[in-house]
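If you want the building blocks of each chain, they are given just below.
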Amino acid sequence: GKLVASKELLERVLDTLIPVLGFDHLEIAEVQEQRGLVLLDEGLFREALQAFEAAARLFTLHLGEKHARVGRVRNSIGLVQDARGRSTSASLDLEKALVSFE
């Protein structure tokens, strides 16, 4: 369906951008965040978590810990952890998200 097509498109975008921009470019973070959202919708929690964690690392690197985009992706990490039944991890990730919005 549409989610599978979206996932494949985002993977092709990464395959195109990484050789040109490098692994640590801000645009890579944006694509990883979108990829995480698609994977989360598909119920692919482990893969979604990896994509969101990559996005969080890059957003923090480029924008700083206290940026709303960092908070948004950390919130997504918390949602993934909750969906995986890891409520303690989810709570910690959601607390980290709140710090970014302060």
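It should be noted that the structure appears before, not after, this text.
Cut-offs used in this document
Residues numbered from 1 in each chain as written. Predicted model: local features only at pLDDT ≥ 70, side-chain atom pairs only at ≥ 80, totals over all residues. Heavy atoms only, no water. Helix = DSSP H or I, 4+ residues; strand = E, 2+ residues; numbered from the N terminus. Rg over C-alpha atoms; globule rule 2.2 N^0.38 Å. Buried < 20%, exposed > 50% of the residue type's maximum accessible area, 1.4 Å probe, protein only. Contact = heavy atoms within 4.5 Å. Areas by Shrake-Rupley, 256 points an atom, 1.4 Å probe, with all protein chains shown as cover. Lys, Arg positive; Asp, Glu negative; His and termini not counted. Charge placed at Lys NZ, Arg CZ, Asp CG, Glu CD. Salt bridge = Lys/Arg side-chain N within 4 Å of Asp/Glu carboxyl O. Axes fitted to C-alpha atoms, helices over the stretch in contact; angles between N-to-C directions. Parallel < 35°, antiparallel > 145°, perpendicular 65-115°, else oblique. Left-handed = near helix turned anticlockwise from the far one by under 90°. Nonpolar A, V, L, I, M, F, W, Y, C, P; charged D, E, K, R; others polar. Expected span 1.5 Å × (residues − 1).

**Student:** Any chance you could explain the overall build of the protein chain here in plain terms?
**Tutor:** Scanning the protein chain from terminus to terminus reveals five helices and zero strands. Its C-alpha radius of gyration of 13 Å places the protein chain within 12% of the 13 Å reference for a compact globule of 102 residues. For the C-alpha atoms alone, the extent of the protein chain along its principal axes is close to 35 × 30 × 15 Å. Burial statistics for the protein chain: of 102 residues in total, 34% are counted as buried. Within the protein chain, residue pairs in contact and separated by at least 24 positions form 53% of the contacts whose partners lie at least 6 positions apart. Accessible surface for the protein chain amounts to roughly 5,900 Å². Of this, 55% is attributable to carbon and sulfur atoms. Between the averaged position of the 13 positive side-chain charges in the protein chain and that of its 16 negative side-chain charges there is a distance of 1 Å.

**Student:** What's the story with the pattern of salt bridges in this structure? I'm lost.
**Tutor:** Two side chains of opposite charge can pair, provided their charged atoms sit close to one another. The tally for this structure, following the rule as stated, stands at eight salt bridges. For R35, the salt bridge identified is with E11, shortest N-O distance 4.0 Å. Of this pair, R35 sits in helix α2 (residues 26–42) while E11 is found in helix α1 (residues 2–21), placing the two residues 24 residues apart along the sequence. Exposure remark for R35: the relative accessible area of 17% places this residue in the buried category. On the basis of relative accessibility, which here comes to 29%, the residue E11 falls in the partly exposed class. In this structure, R69 and E33 form a salt bridge, with 3.7 Å as the shortest nitrogen-oxygen distance. On the criterion of sequence distance, the pair formed by R69 in helix α4 (residues 68–83) and E33 in helix α2 is long-range, its members being 36 residues apart.

**Student:** Help me understand the packing of α1 against α2 in this model?
**Tutor:** When two helices pack together, their arrangement is captured by the angle between the axes and the distance separating the axes. Running from N to C, α1 and α2 point in directions that differ by 160°, and their axes come no closer than 10 Å. Judged by the angle between their axes, α1 and α2 are roughly antiparallel. In terms of crossing hand, the pair formed by α1 and α2 is left-handed. Along its contact with α1, which presents L3, V4, S6, K7, L10, E11, V13, L14, L17, I18 and L21, the element α2 presents E27, I28, V31, Q32, Q34, R35, V38, L39, D41 and E42. In terms of residue class, the contact of α1 with α2 is made up of twelve nonpolar, three polar and six charged.

**Student:** Explanation requested: helix α5 (residues 87–101) in the structure shown.
**Tutor:** A turn of α-helix holds 3.6 residues, and therefore any two residues three or four places apart point the same way. Across its 15 residues, α5 extends 21 Å between first and last C-alpha, which sits within 8% of the 21 Å expected from 1.5 Å per residue. Those residues of α5 that are buried are in contact with α4.

**Student:** What is the right way to read the environment of R86 from this model?
**Tutor:** By the element assignment, R86 lies in the loop between α4 and α5. Residue R86 is classed as partly exposed on the basis of its relative accessible area of 41%. Once the C-alpha coordinates of R86 and T60 are considered, the two residues, 26 residues apart in sequence, prove to be 24 Å apart.

Treat this as a map of the structure, not an account of what it does.
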